[in-house]
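Descriptive structure summary
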Amino acid sequence: MESGGFDEVRAVERLQALVRVPTVSRLDESQTEWARFDEFIELLPDLYPETHSALTREVVAGHSLLYRWAGREPGDPAVLMAHYDVVPAAVDGWEHPPFAAEIVPTEHGDVVWGRGTLDDKGSLATILEAVEALAASGFQPKHDLYLNFGHNEETTGGGASAIVDLLEERGVRPRLVLDEGGAVVEGVFPGVGDPIAVVGVSEKGILSLTMTVEQEGGHASTPPRMTATARLARAIVRLNSKPFPKAFTAPNLEMIRTLGARARQPFKWVFTNLWLTRPLLLGLFTKLGDETNAIVRTTGAVTQLQGADAANALAERAVAVVNVRVAVGSSVAEAVAHVRRAIRDPKVRLDAQYPNEPSPVSPTHGPAWTLIKETIEHTYPGTIVTPYVMLGASDGRHFTRISANVYRFSPFQMSKAERGTLHAMNERIRVSTYLSGVLFYRQLVAGL
Ligand SMILES: [Zn+2]
């Protein structure tokens, strides 16, 4: 079956082949099965021969891949990104096995079932399909095009960061960077019936904040009035009852205006008269749900707790880890200061680990944004394209060091149920949306 200039059957088979290599990322890299990553790297030239003859490839930081397609003329390059590591998949609970890449008929048409189909081998495969078809047709990009495929996005992101170091050293300043992130979604914004393509123009910052209480130990039969664990618990409760300040940032407001213009009444009126409705709307966002709340403020969640080693000993050291996601417009220092004020206790020590500031906001005007927007509108007619702030983290954030135009968008239509399978069981991608993704990248690359 040939359509749109590429072999759809082969395109699906190639995605299946990629999913069948279990390139599972583990935070403790000594637990990672690197042989699988080597296998994946070796598989690519067999699957995409035209790409591997037209582009050069470097392996960076052990297993991350950097491809360069030399342009016809000098000029700032573009970078397309994806990652090929996946989060672990338990064997139990999957309706179809996670690494078999079975094709399963559903009410939405055929799907490819398996870990990594959406996050993020689907993107990697669509990029390579697009490049493969263009290379086979004799196309050469106007300016250099880089493909960046990370090997540890799900853990440390060290691969992408090392690639940025390398490009920085070489004086490369990309005029467009596109990584995974938003998608084409439906029914998420009140009053808007059309599908919405959310394109990440920034992402929240992240840090692990440890709260530590140290105290003299002793036997649990004669406890002091305030134990280390009780002090720590009090700090957690105080933090929980004092949310971080709420605010709409510039990308939030642009999203509300963009979607509001296409909403039905009375939503349209509410979303387009922000001069009047803004405070009301801000309050509403904090109450509507956990996701809208996370959009308008920094959040902190205690994820790990640690006390004494024995059931009958007092803890000499009690530790809680707060996973903090820092809102755009705020900073790591502001977030830590808020926690300090909220817990009101100098005996609780705070240490910020792995701090990452929120990313700078990429513009929603200019050639990079316009190309992405128009390509989405062409691929998914009737879709509203809007900027948004990504709540999670992507490898793309490393590129903000060398580019002002970093965007985060996966060219796939995802239902609420499908989005729920990210990092969970039964991850799958519709064959139809996967093929649309190939068309998206083909048009994007041709337009660069
Ligand atoms: Zn991902």
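The structure this text deals with has already been given above.
I will try to describe carefully the structure that is included in this document. (Residues numbered from 1 in each chain as written. Predicted model: local features only at pLDDT ≥ 70, side-chain atom pairs only at ≥ 80, totals over all residues. Heavy atoms only, no water.)

**A few points about the overall build of the protein chain**
Scanning the protein chain from N- to C-terminus turns up 14 helices and 17 strands. A compact globule built from 448 residues would reach a C-alpha radius of gyration of about 22 Å, and the protein chain, at 24 Å, matches this within 12%. Summarising its shape, the C-alpha atoms of the protein chain cover approximately 80 × 55 × 50 Å along the three principal directions. Out of the 448 residues belonging to the protein chain, those deemed buried represent 53%. Restricting to contacts in the protein chain with at least 6 residues of sequence separation, those with at least 24 account for 79%. Put simply, the protein chain shows about 19700 Å² of open surface, and 52% of that area lies on carbon and sulfur atoms. Between the mean site of the 44 positive side-chain charges and the mean site of the 52 negative ones, the protein chain shows a separation of 11 Å. (Helix = DSSP H or I, 4+ residues; strand = E, 2+ residues; numbered from the N terminus. Rg over C-alpha atoms; globule rule 2.2 N^0.38 Å. Buried < 20%, exposed > 50% of the residue type's maximum accessible area, 1.4 Å probe, protein only. Contact = heavy atoms within 4.5 Å. Areas by Shrake-Rupley, 256 points an atom, 1.4 Å probe, with all protein chains shown as cover. Lys, Arg positive; Asp, Glu negative; His and termini not counted. Charge placed at Lys NZ, Arg CZ, Asp CG, Glu CD.)

**Examining the packing of helix H1 (residues 8–19) against helix H14 (residues 431–447)**
Each pair of packed helices can be summarised by the angle the axes make with each other and by the distance between the axes. At a closest axis distance of 11 Å, the pairing of H1 and H14 adopts a crossing angle of 105°. As the angle between them shows, H1 and H14 are arranged roughly perpendicular. Taken together, the residues of H14 that come into contact with H1 (itself represented by Glu-8, Ala-11, Val-12 and Leu-15) are Val-431, Tyr-434 and Leu-435. Here the contact of H1 with H14 is composed, by residue class, of six nonpolar, no polar and one charged. (Axes fitted to C-alpha atoms, helices over the stretch in contact; angles between N-to-C directions. Parallel < 35°, antiparallel > 145°, perpendicular 65-115°, else oblique. Nonpolar A, V, L, I, M, F, W, Y, C, P; charged D, E, K, R; others polar.)

**Some points on the coordination of the zinc ion**
Donor atoms from the polypeptide that coordinate the zinc ion comprise His-83 (NE2), Asp-119 (OD), Glu-180 (OE) and Glu-180 (OE), at 1.9 to 2.4 Å from the metal. Considering all four donor atoms around the zinc ion, angles at the metal cover 55 to 147° and the coordination shape is irregular. The motif formed by the donor residues of the zinc ion, counted along the single chain, is H-x35-D-x60-E. Of this pair, His-83 sits in strand S5 (residues 78–83) while Glu-180 sits in strand S9 (residues 176–185), placing them 97 residues apart in sequence. Residue His-83 shares its accessibility class with Glu-180, and that shared class is buried. (Donors = N, O, S within 2.8 Å, 3.2 Å for Na, K, Ca; no water. Tetrahedral: all angles 85-135°; square planar, octahedral: opposite > 155°, others 65-115°.)

**Regarding H1**
Here H1 contains twelve residues, and its C-alpha end-to-end distance of 17 Å stays within 8% of the 16 Å for a straight helix at 1.5 Å per residue. Counted residue by residue, H1 has nine buried out of twelve residues, so it is predominantly covered. Listed as buried for H1 are Glu-8, Ala-11, Val-12, Arg-14, Leu-15, Gln-16, Ala-17, Leu-18 and Val-19. Where H1 begins, the side chain of Asp-7 points an oxygen toward the backbone nitrogen of Val-9, at a separation of 3.1 Å. (Expected span 1.5 Å × (residues − 1). Polar contact = N/O pair within 3.5 Å; in protein donor to acceptor, adjacent residues only side chain to side chain.)

**Focus: the pattern of salt bridges**
Under the defined criterion, the tally for this structure stands at 18 salt bridges. Two residues, Arg-68 and Asp-144, come together in a salt bridge whose shortest N-O distance is 2.9 Å. Here Arg-68, found in strand S4 (residues 64–69), pairs with Asp-144, found in the loop between helix H4 (121–136) and strand S8 (145–150); they are 76 residues apart in sequence, far enough to count as distant. Arg-349 is the partner of Glu-214 in a salt bridge, and the nearest nitrogen-oxygen pair spans 3.2 Å. Taken together, the residues Glu-214 in strand S11 (residues 205–214) and Arg-349 in strand S14 (residues 349–356) connect sequence positions 135 residues apart. For Glu-214, a relative accessible area of 46% puts it in the partly exposed group. Look at Arg-349 and you get partly exposed, because its relative accessible area is 39%. (Salt bridge = Lys/Arg side-chain N within 4 Å of Asp/Glu carboxyl O.)

**Digging into the packing of aromatic side chains**
Per the counting criterion, the structure on display carries eleven aromatic pairs. Judged by centre distance (5.6 Å) and plane angle (55°), the rings of Phe-37 and Tyr-84 are tilted. Of this pair, Phe-37 sits in helix H2 (residues 34–47) while Tyr-84 sits in the loop between S5 and strand S6 (103–106), and the two are 47 residues apart along the sequence. Overall, the relative accessible area of 1% leaves Phe-37 in the buried class. We classify Tyr-84 as buried; its relative accessible area is 0%. Between Trp-369 and Tyr-407, the ring centres sit 5.8 Å apart and the planes meet at 50°, which makes this aromatic pair tilted. Here Trp-369 is found in helix H12 (residues 367–379), whereas its partner Tyr-407 is found in strand S16 (residues 406–413), with 38 residues between them in sequence. This pair shows no difference in class: Trp-369 is buried, exactly as Tyr-407 is. Here the aromatic cluster, defined as three or more aromatic residues joined through ring pairs, consists of Trp-34, Phe-37, Phe-40 and Tyr-84. (Phe/Tyr/Trp six-rings, centres within 6.5 Å; stacked < 30°, edge-to-face > 60°.)

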